Every structure is written in C-alpha cells, then in structure tokens.
Amino acid sequence: MSLFDNPFDAGSRLACSCGRHASAAEHDAAAPDAEALSGQALQTAVMRALFPRDAERRRFLRAVGANTAMAAIASVFPLGALEAMAQEKGKVEKKALKVGFIPITCATPLIMSAPLGFYEKQGLDVTLVKTAGWALIRDKVMNKEYDASHLLAPMPLAISLGVGSGAMPMNVATIQNSNGQAITLAMKHKDNRDPRKWKGMKFAVPFEFSMHNFLLRYYVAEHGLAPDRDIQLRVVPPPEMVANLRAGNIDGYLGPDPFNQRAVYDQVGFIHLLTKELWDGHPCCSFGVRSEWVKENPNTFAALYRAVLNAAAMAASPGNRSTIANAIAPANYLNQPVPVLEQVLTGKYADGLGNVKNDPDRIGFDPVPWNALGVWILTQMKRWGYLKGDVKYKDIVDQVYLMTDAKKRMKEEGILAPADMPKKIVVMGKAFDAAKPDAYVAGFAIKRA
Amino acid sequence: MPLRAKSAVLSALLLAVLLGIWHLATLPKGGPAQAVDPEYAKLMGLDKPKSDGLPTLAQLGGTIAKQLADPFYDAGSNDKGIGTQVAYSLGRVALGFVLAALVALPLGFAIGLSPLVHGALDPFIQVLKPISPLAWMPLALYTIKDSAVSSIFVIFICSVWPMLINTAHGVASVRRDWLNVARTLEAGTARTAFQVILPAAAPTILTGMRISMGIAWLVIVAAEMLVGNLGIGYFVWNEWNNLSLANVIFAILVIGVVGMVLDFLFGLAQRAVAWVE
Amino acid sequence: MSAPFLQVRGLTRRFAPGATPVFEGVGFSIERGEFVCVIGHSGCGKTTILNILAGLDAASAGEVVMDGREVSGPSLDRGVVFQGHALMPWLTVRGNIAFAVKSRWPDWPRARVDAHCQKYIDLVRLAGNEGKKPSELSGGMKQRVGIARAFAIQPKMLLLDEPFGALDALTRGAIQEELTAICAETRQTVFMITHDVDEAILLADKIMLMTNGPRARIAEVVVNTLPRSRTRHDVHHHPHYYRIRNHLVDFLVHRSRLLQEGRGEEAANEEGPRTVMPGLAGDDEAPAPRPALLVQVK
Ligand SMILES: Nc1ncnc2c1ncn2[C@@H]1O[C@H](COP(=O)(O)OP(=O)(O)OP(=O)(O)O)[C@@H](O)[C@H]1O
Ligand SMILES: [Mg+2]
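The rules behind these values
Residues numbered from 1 in each chain as written. Chains lettered and ligands numbered in written order. Predicted model: local features only at pLDDT ≥ 70, side-chain atom pairs only at ≥ 80, totals over all residues. Heavy atoms only, no water. Helix = DSSP H or I, 4+ residues; strand = E, 2+ residues; numbered from the N terminus. Rg over C-alpha atoms; globule rule 2.2 N^0.38 Å. Buried < 20%, exposed > 50% of the residue type's maximum accessible area, 1.4 Å probe, protein only. Contact = heavy atoms within 4.5 Å. Areas by Shrake-Rupley, 256 points an atom, 1.4 Å probe, with all protein chains shown as cover. Lys, Arg positive; Asp, Glu negative; His and termini not counted. Charge placed at Lys NZ, Arg CZ, Asp CG, Glu CD. Near = heavy atom within 4 Å. Polar contact = N/O pair within 3.5 Å; in protein donor to acceptor, adjacent residues only side chain to side chain. Pairing = 2+ DSSP bridges. Axes fitted to C-alpha atoms, helices over the stretch in contact; angles between N-to-C directions. Core = buried A, V, L, I, M, F, W, Y, C linked by side-chain atoms within 4.5 Å. Buried area = accessible area lost by both parts, 1.4 Å probe. Salt bridge = Lys/Arg side-chain N within 4 Å of Asp/Glu carboxyl O. Nonpolar A, V, L, I, M, F, W, Y, C, P; charged D, E, K, R; others polar. Donors = N, O, S within 2.8 Å, 3.2 Å for Na, K, Ca; no water. pLDDT = per-residue confidence, 0-100. Right-handed = clockwise from strand over helix to strand, strands pointing away.

## Quick word on the overall build of chain B
When its secondary structure is counted, chain B shows 11 helices and 0 strands. Taken over C-alpha atoms, the radius of gyration comes to 25 Å for chain B, far larger than the 19 Å a tight globule of 277 residues would show. Taken along its principal axes, the extent of the C-alpha atoms in chain B is 90 × 60 × 35 Å. Counting all 277 residues of chain B, 43% fall into the buried class. Summarising the internal contacts of chain B: among those between residues at least 6 apart in sequence, 73% fall at separations of at least 24. Accessible surface computed for chain B: about 14,300 Å², of which carbon and sulfur atoms make up 73%. With 17 positive and 15 negative side-chain charges, chain B shows a spacing of 9 Å between the two charge centroids.

## Quick look at the site of ligand 1
Residue and element names in this part refer to chain C. Around ligand 1, a shell composed of Phe-15, Val-22, Ser-42, Gly-43, Cys-44, Gly-45, Lys-46, Thr-47, Thr-48, Gln-83, Glu-162 and His-195 is seen. Here an oxygen atom of ligand 1 sits 3.3 Å away from a polar atom, N or O, in the main chain of Cys-44. Relative to its free-state accessible area of 630 Å², ligand 1 is covered by the protein chains to the extent of 57%.

## Considering the sheet that holds strand β9 (residues 252-256) of chain A
Two modes of strand pairing occur in sheets, parallel and antiparallel, and in both the strands are linked by backbone hydrogen bonds. Residues and elements named next belong to chain A. On the basis of which strands lie adjacent, the open sheet formed by 5 strands has the order β8-β7-β9-β6-β10 and mixed pairing. Across the chains shown, the open sheet's two edge strands, defined by having one partner strand only, are β8 (232-235) and β10 (269-274). Between one strand axis and the next, the sheet turns by 25 degrees as a mean value, whatever way the strands run. Pairing analysis gives 2 bridges linking strand β7 (residues 202-205) to β9, with the strands arranged parallel. When the bridges of β9 are listed, Ala-204 appears paired with Tyr-253. Where helix α11 (residues 211-222) meets the sheet, it contacts β6 (181-186), β7, β8, β9 and β10, and its direction lies at approximately 140 degrees from that of β9. Across the sheet, helix α12 (residues 238-247) is in contact with β6, β7, β9 and β10; its angle to β9 comes to roughly 155 degrees.

## What to know about the nonpolar core
Counting residues in each nonpolar core, the largest one holds 102 residues, and the members touching the most others are B:Ile232, C:Leu6, C:Phe23, C:Phe28, C:Leu53 and C:Phe191. Look past the residues within four positions of C:Leu6 in its chain and what remains in contact with it is C:Phe28, C:Ser29, C:Ile30, C:Leu53, C:Val64, C:Val65, C:Met66 and C:Met157. In this structure, A:Ile159, A:Phe270, A:Ala372 and A:Ile425 belong to the second largest nonpolar core, which totals 76 residues.

## Let's talk about the interface of chain A and chain B
On the chain B side, the residues contacting the 39 residues of chain A number 32 residues. Surface buried jointly by chain A and chain B totals about 3,000 Å² across both partners, of which 52% is contributed by carbon and sulfur atoms. Where chain A packs against chain B, one counts 0 salt bridges. Inspection of the region where chain A meets chain B yields 9 residue pairs in polar contact (both at pLDDT 80 or more). When residues of the side of chain A that touches chain B are traced back to their parent elements, those giving at least two are β2 (125-130), α9 (134-142), α12, α13 (259-265) and β12 (348-350) of chain A. Of the residues forming the side of chain A that touches chain B, the biggest block, 5 residues, is contributed by α12(A). When its residues are assigned to classes, the side of chain A that touches chain B shows 18 nonpolar, 11 polar and 10 charged.

## What to know about the coordination of the magnesium ion (ligand 2)
Every protein donor of the magnesium ion (ligand 2) is accounted for by C:Thr47 (OG1) and C:Gln83 (OE1), and the metal-donor separations fall at 1.8 to 2.8 Å. Placement of C:Thr47 in helix α1 (residues 46-54) and of C:Gln83 in the loop between β6 (78-81) and α2 (93-104) is noted, with a sequence separation of 36 residues between them.

## Considering the side chain of A:His272
With respect to the secondary-structure elements, A:His272 resides in strand β10. In this view, A:His272 contacts A:Ile183, A:Thr184, A:Leu185, A:Arg193, A:Trp198 and A:Tyr219; residues no more than four positions away in its chain are not counted.

## Topic: the confidence of the model for chain C
All names here are of chain C. This prediction gives chain C a mean pLDDT of 84; 90% of its residues lie at or above 70. This model gives residues 284-298 a pLDDT under 50, and the stretch forms 16 contacts once residues within four places in sequence are excluded. We note a pTM of 0.76 for the whole complex and an ipTM of 0.83 for its interfaces.

## Details of unusual backbone geometry
Residue and element names in this part refer to chain A. The linkage connecting Asp-257 with the following residue, Pro-258, adopts the cis geometry, with an omega of 15 degrees. You will see that Lys-144, though not glycine, has its phi angle at about 65 degrees, which is positive. Relative to the helices and strands, Lys-144 is located in the loop between α9 and β3 (148-152). Under the relative-accessibility criterion, Lys-144 is labelled partly exposed at 46%. Phi at Asn-179 takes a positive value of approximately 55 degrees, unusual for a residue other than glycine. Its location among the elements puts Asn-179 in strand β5 (residues 178-179).

## Side note on the sheet that holds strand β9 (residues 206-210) of chain C
Residue and element names in this part refer to chain C. Spatial ordering of the open sheet is given by β6-β7-β8-β3-β9-β10-β11, a layout of 7 strands whose pairing is mixed. The sheet terminates laterally at β6 and β11 (274-276), the two strands that pair on one side only. Across the sheet, the mean angle from the axis of one strand to that of its neighbour is 20 degrees, orientation sign disregarded.

## Structural notes on the pattern of salt bridges
Residues and elements named next belong to chain C. Counted under the stated rule, the structure contains 31 salt bridges over all chains. Two residues, Asp-77 and Lys-156, come together in a salt bridge whose shortest N-O distance is 3.8 Å. One end of the pair, Asp-77, is in the loop between β5 (69-70) and β6; the other, Lys-156, is in the loop between α4 (139-152) and β7 (157-161), with 79 residues separating them in the sequence. Across the pair Asp-198 and Arg-245 runs a salt bridge whose closest N-O atoms are separated by 2.7 Å. Placement of Asp-198 in helix α6 (residues 197-203) and of Arg-245 in helix α7 (residues 239-260) is noted, with a sequence separation of 47 residues between them. By relative accessible area, Asp-198 is classed as partly exposed at 31%.

## Section: the pairing of β7(A)
All names here are of chain A. Bridging between β7 and β8 involves 4 bridges; their strand directions are parallel. The residue of β8 that forms the bridge with Val-205 is Val-235. Handedness of the crossover is the feature at issue here: the chain leaves β7, passes through α11, returns alongside β8, and the resulting connection is right-handed.

## Section: the interface of chain B and chain C
On the side of chain C, 21 residues touch chain B, which itself brings 19 residues to the contact. Of the roughly 1,900 Å² buried between chain B and chain C, counting both surfaces, carbon and sulfur atoms make up 68%. At the boundary of chain B with chain C, the tally comes to 0 salt bridges. Counting every contact that joins chain B to chain C gives 5 residue pairs in polar contact (both at pLDDT 80 or more). Of all the secondary structure elements, the ones that give two or more residues to the side of chain B that touches chain C are α8 (176-184) and α9 (189-226) of chain B. Ranked by residues supplied to the side of chain B that touches chain C, first place goes to α8(B) with 7 residues. Considering only residue class, the side of chain B that touches chain C consists of 10 nonpolar, 3 polar and 6 charged.

Following this line, the structure appears as structure tokens:
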C-alpha cells in the first residue's frame, strides 16, 4: 500500500534512520551511545516494554535524546498503562484504529506513519480519517469515533475543562510539532508591515482554542492593539483561508502550513513572519487520546505511541524532510503540491515578496508535552477571557499532561525524574515562568477585563 | 422549425457563448516576463505551467476525462474515485430518505385523517420545518455521537417535512366521496388506507418525495463538506483543500447531473401514480 | 300486515347542537321492490336523508329500520350511487367494479371476480371499455360504471343521488331506460333523489315531495298511477301523466314554499305524510286504489 519503503527496513532506499549516513552501520558508529550515557535511568522496565528490540530503542534514543525520551514517556502514561507496559510484549488490545487528522503539516508524524509503515511495524492497522475542521475533530473524539486524533495543543486542555464543549478527560500523548505556522498577509499589504498600523484589519485563525489565536492576539497586543477591539478576528477553516485572502474577505491570517506557503504559491499573499520568530519552539498541534481509552487499551496506546515517536524522530531529522513531503502529499493525505510541502518542511522557501529564505527550524517535531507549555496556554486562555475566575494552572495541566503523576510513579520504580524543559519559554523576548502564571497574566497591559 | 428544435439550438448557442466567455476569461495572461531569480521561480512553481484560479477548458476537459476514466479507483481511505464518492452520498441519501418516508408516511396519514392529531402536531411542525437541516448538525453530533449517523439524520430531518406535509395534505384532501364509497362497501381500515387513500394521495405524496429528494441531494453535499468521510461533498471539500478548481467544477457538474437524474426518476414515478379525474 | 321493507320514523338532522334542523320529523316507508323518488328544492336535505339511509351520516333524532334491523352504519346491503359519480380515477372501469365485488366477496378467486364484473359491465352496456380509466369515459359512461358498481354487490336496496344530474337529455334518457330495465329485471328496491319531474314520473312508483328547508319535511307521497311498463316515448301520452306532472310542478313552484312558511295546508301529521294520487283526480274509470293508504287531493 505504501508508496515508500519503510526507512527502517534493510534494503530501503534510505541508508539509515536519520538519512545523513551512507549506511546504518556508519550511523551507529557516528552516534554517541545514548543508552550508555544515560546509564541506569534507561535500564527500566518501561523503556523495555516500550521498545522491546534493542536496536530500535537505541535508534529512538539517538534521535530524540535520552532526556527528551524519558520526559516524553513519563509525561503521558497513566497508571494502568505504565503497569501494562512493564510486562514484556503486551498484546495490543485493539488492532484496527481510527485516527483523525486535519490536512495540515502539523500532523506530519501521525500522517507519515501510515505511508511509511510506522503503524504497521507496531502491529497496528490504522485508518487515517481526514476531517473537515477542529470542532468536528473535537466532536468525533468525544463521540469515541476516533481512537486517537490530531488536536490543536490547547484543545485537550479546553476539552478537559469543558470550555467550549462538554467536559471529557483527555490525555496529550505527544506534541506533534513545534513552530510551523506563519502570519500571511494579502499582497496589497506588502508595504504595510508594521502591526501598529493594522487597526481595523480582518484576520483569520483556524479555531478559538488554538495557538494561532493566542499567538496572533499576543503579537498584535505587543504592538498596542487590543485584539477584541482594534482588529477583527474570524475563525476560518485552513483550506478556506487562501480563498478568503484571494477574495479580499480577510487581510491576513495566522494559520497552519501548508496554507501559508500555498498562498505564496498561488501568488495571493506573502509570509509576513514565521511564528518561530515570535516564540521559537512553541507547540502547535498535539496527538491526543481520551484518558478512558488509554486505561482500556494500554498496550495499544503504547504501540501507537511508539509508532508516532518513531515517526517524530524521523521527521526531526532535516535530511528526511523531502521524503516525508512526498509521502504525505497525495490526495489521500494532505492533497497538496509536493513543492509547497517541501518548502514548509525543509524551510527553504519563497516568501512571496521575491526572496528565497532558508530557515531549517521553520517546523520542528519535538514530541514532548511539557507542562510549562500547557501552563502558558492556560495563561492566554485566562488573559483573553476564555477562562473565568481563579485558574488552578498547575492542577489542570498536571491532570491533562499527567507529568507529575508519572514522575511520582517513576520515583517509586526507581527511575530518575526527567530533566526540565530544554528550552526556556520566551515569547517575543519576554520570558515565561511557569511557576508564576498569575503574575504573568497580570503583567500584560492589554487583556480582556 | 419545430419549437423543440428551436429551443435545442438556443440551448446549444447559450452553451457555446458560456464556454466562449470561459475560454476568454482563462486565457493565459501574457504579462511582461519579470526577471526573477530562477530558484525563486522554481519554489513558486513558475518553471512549470500551473493553473491559476479557474482552469482553462482544456484543463477542465482533461480533469473530467481523467476522473471518468477510472471512477472507482481506490488510493487509500481518504482518496477514492468519483463513482465511489457518489455511491457513498447516494447511500446516505437513500438511507435518510427511506427512514424519513417510514416516519412521514404513517404520521402524515394520521395527521391527514385526524383533526385531533393535526391540531396537536401542527405547532411542532410549523416550528421545526423552517429550521435549516444543517443547523441540526451540531446537536446531532452531540446527541447521536456518530458523524455517519448524524449526516443520515440530517438527510432524514430535511426530507421528512415535505413528505409529511404533502402526505397529510394529500390524505386530508382525499375526496369524501371515495371514502364514502369505501365505507358503504365495508372496506376495512387497511383496505381503505392502501387501496383508496394511498392511491388518491399518491400524486401529492410523490410530489412531496420529489421535493424531499431534491433537498436531500442539496443537503448531503453540504453535510459531507461538514462531516463526511467519503462522499461527493467530501470530494469537493478535499479538492477545495487543494484549491483544485478543475476538480471542484467537475464535482459540481457531477452533483448537477446526479440531481437531475434523481429528479427525473421521481418524475417518472410521479407520472406512474398520477391520475386525472 | 307485515312491516314495510324500509321504515323511517321521526328523522331529524341538525348540524350543530341547538341549530335549526335541516329537516325535522321525516317519516316514510318503502316496500320491497318499490322504486321511490324524492323531489325537493336544492338544499332541503335530500342528500342528507340519503346519507342517513346509507349509514354514512347519523340522524339527530329518529330511526331507520331496514328489513327488520336498525340502520346504524354503512353496509353492503345498501348500494349507493353518489351525486358525483365517485369513481376512483386511478382504477379502470373493471378495477372500480372489482373493488366493490372484492369487498362483497373477499374470498372469490380472481377469475370469478372478473366474470362477475364483466356481467355488470355488460349489463350497463360498457363492454369494450373495461380497461379504460374514468377520465377516458364520457359523463354518461361514468355514471353507468357507478350504477354497475352499486348493482354488482347485489344490495338489498339501492340509493341513488341525482345519478343523471350532470347528463345531457339524450344520454340521460338512454340510461334511465337501462335503469328501469335493470330494476325490473332484478326487482330492486330503489330510493332515488332527482330534480327532474319527468324522470320521477318515468321511474318511480312513489314520489315523495319535500318542503323547503330549514325544518323541511316530506309533505306528500304521490303515487304514480301510470302503468309500470312505461317508456319515455309513450309516457306523456297517458292521461294521468299531465295531472301528476302538474301536481308535482305546482308543488315545487308554490306549495313547497307555502308549506315551509307554515301557511296553506296543515302541518305533517304523526303518521307521516299523506298519500295522494293526482293521476286519478277526476278520472272515474281509474281503478280504485287501496283505500286505507289514500287521501284524495282536494
Ligand atoms: N356537513 C354539513 N354541515 C352543515 N350543514 C350541512 C352539512 N351538510 C349539509 N348541510 C346543510 O344541510 C342542508 C341540506 O343539504 P343536502 O346536501 O342534504 O341538500 P340537498 O337537498 O341534497 O340539495 P341538492 O339538491 O342541492 O343536492 C343544506 O342547507 C346544507 O347547507
Ligand atoms: Mg344533494
């Protein structure tokens, strides 16, 4: 079925997992022995359960780094899953899975896992279901139509809190991607680059509970505009953003790729800035499951998780990006021209104003759902009035991201607690301290009363 | 020249004018070749011919030929041929429509026969009828908790009203004489219902069904654009995602033709049950 | 003396409680095999009476007894030919008649039903039109299908509501003759409403005259003293013809109104309408009628 060979199989056209070496042996030789470096910490039942085969485990560790791997695992496994995982080769409870996605590049790891065989390798038969919008994704997740789904990073928090929908406990398995969004403006604004002069302009975001909404609000607010008063914000499904831009219904949008690059490719807009320039390493989409589902299907969850982590590891390496672009371009997945996807994934792109830019970090695939990210999202929900009253930031995030609980469990099992986030959160030059969310919210001049 | 032939010639002329305008509107714009960086041009896809906005007639023809050449291809769970997509949509429409008929016909009979039932249900019908079927979608998704069933429900809810109202109206306006004939002949309830009221009201009921089917076909496209995984509406949405207007136009033509065929079939059925006094 | 085949007593119908009744205290009787016509102005309640006899409508007061049993609902014992032909337009001629036949004899096999239908289609001389829909028939043909349908169930009594109202004179005459022939042949008891005085004289043994509504009643029962074997060509040659006809026309033109206003003659007595024989007035050679039933016209 797959158009491409599994990159991990012998004889595949990729020489090694990261794509930078001529052969797998050379790759192994070049990489530091991550397992040896992290010592005891990785001699755990959890790790073995997750990656029963040594070679695979090593590859994974090399790709994402030991600390990241530990944090990733620790942050997502609820009690039952952890126990089940300790038993070797847990049999998957459910083989045929339905996974929802929105056709945007944020979903790259979970999409590519199908054509590149990551799911199959874990013994899963995953049907990817392309879905029309975020509200629908939310409903289908809550209706249990999807076993797991591509979600916007703030959505599991919003759903768990019952903001904008009924409440249902959700878990974030991984953050699908970091960065990878942009502010696109209509061609007529090519000399109107100063946000201070954007008063009265119309902008689109893909969903209310999205990083797009929060980042765009943050951006214009930093330039003295109140997003609820000085500009107009509209929710527009990503595919319709380009058409609306062409029709002049909106002046610009902060949207997911490939629709920023697509606007450039179709010569209706230009990329004003990448969201990476606002906050390097911000999360965007996540891979979410219902808590209940994880409890019922711990081994399946572990298998799914392994598949997506492997995919994320492959996607993390720039040399593979072109292959991935080809894998996810067909009508069955993103249904986009390959050149557009390549520009998004490789970071070598036309900006729409006649310049070729090169930014390999345009999109990243860091799979860790750090609690601090969740806290930042909550501060913005509080800031813009989506959450009312006192917000127990830490409690909510712990519940959803399950980091604290996992940490406690790991201590009991004699596992080293995961290291802190590798990168500090700095949004437009302003550092964020996850320990003092209330002070952070209070510190903004422009917010909703 | 007979009128029909004249109309046909006029139709052909209109089509030719329309296609002519289309052709002129999509002529490649031979603007001054800007000296651009070849690398930039490549990234913009300017090195190869690329459709910008509306496809030319040739491109559209190519798309139609390609789609029709293999209408049942299967390139994965989200990418199937136009024939398969239409079949999915028709399946949903048929299911929703049949369910609606199962509800609307007996209920319409009850309303048409009993002023009491009519009085009791009329306020509900009057309030529910004008609601756009798609407005039910969020509620359906929330309560039914299944998007496939929800889209069938939406078809159900949009086709139920014309059928219900027409059935009730048709049944209520069955001539008293015929009912009296049945009564004097001591024809039982079932015989009266099926052999007198039903055929008497059939033309009105079928008109309702024809309207229902028309609406259902309109709504399924919208419903599938909202929720559907597979179906002609999904096809439009998926190609819209890709901003592939040629495919979107092709799908629009298919929607039109299928709608016309459905209407034609109901027209035939209508003629089969029609009677003149 | 045995009870009459059909006995109607004190029939009253008001369409709303407390409203003026359309007719009041209507009573009459019909013997087996008798052909009775009712004449009265439009709106006096003839159809309503027929509907009550058919069991399709219920009286506000009074009773209808047929063949010793009270009429309380529609029955296959009474065949009705409706004022409009009331054929089902989606059925063919045969289909319309077969619907009635199958109602009467649900267990009959198809062939038997068809044969029976054919018999009555032939009877009303519609052979060759079995497969036609009512819309393909002329008015007279439709009416004949209605008659065939009513006859086909072989009812004990036939109720006809202005069956020839919508027909031209020629067609009407032809069907009237057919009807007399069929009735004579089957010895059918018939209650028929008509507006046409000549038709009544041609067909009826007894003609009931209704006063105008509201509070209409049957003022008189006119005995047709013409011989039974009459045709429309010779009927007016009979000496009784014009006497009866003049009596009827006089009633319709003058007396029906006067009676309704309560002037002129006495109100209806308890025993029902008086019976008159205008045909015998001033005709000494005429055979003496059965005395108990008769009151001479003054
Ligand atoms: N269902 C009804 N409700 C109220 N009034 C009625 C109803 N049916 C008949 N009537 C009234 O009863 C009266 C008698 O009606 P009916 O149809 O019996 O008249 P008719 O003698 O048959 O007249 P025609 O010669 O025109 O057929 C009329 O005044 C009519 O308005
Ligand atoms: Mg009448």
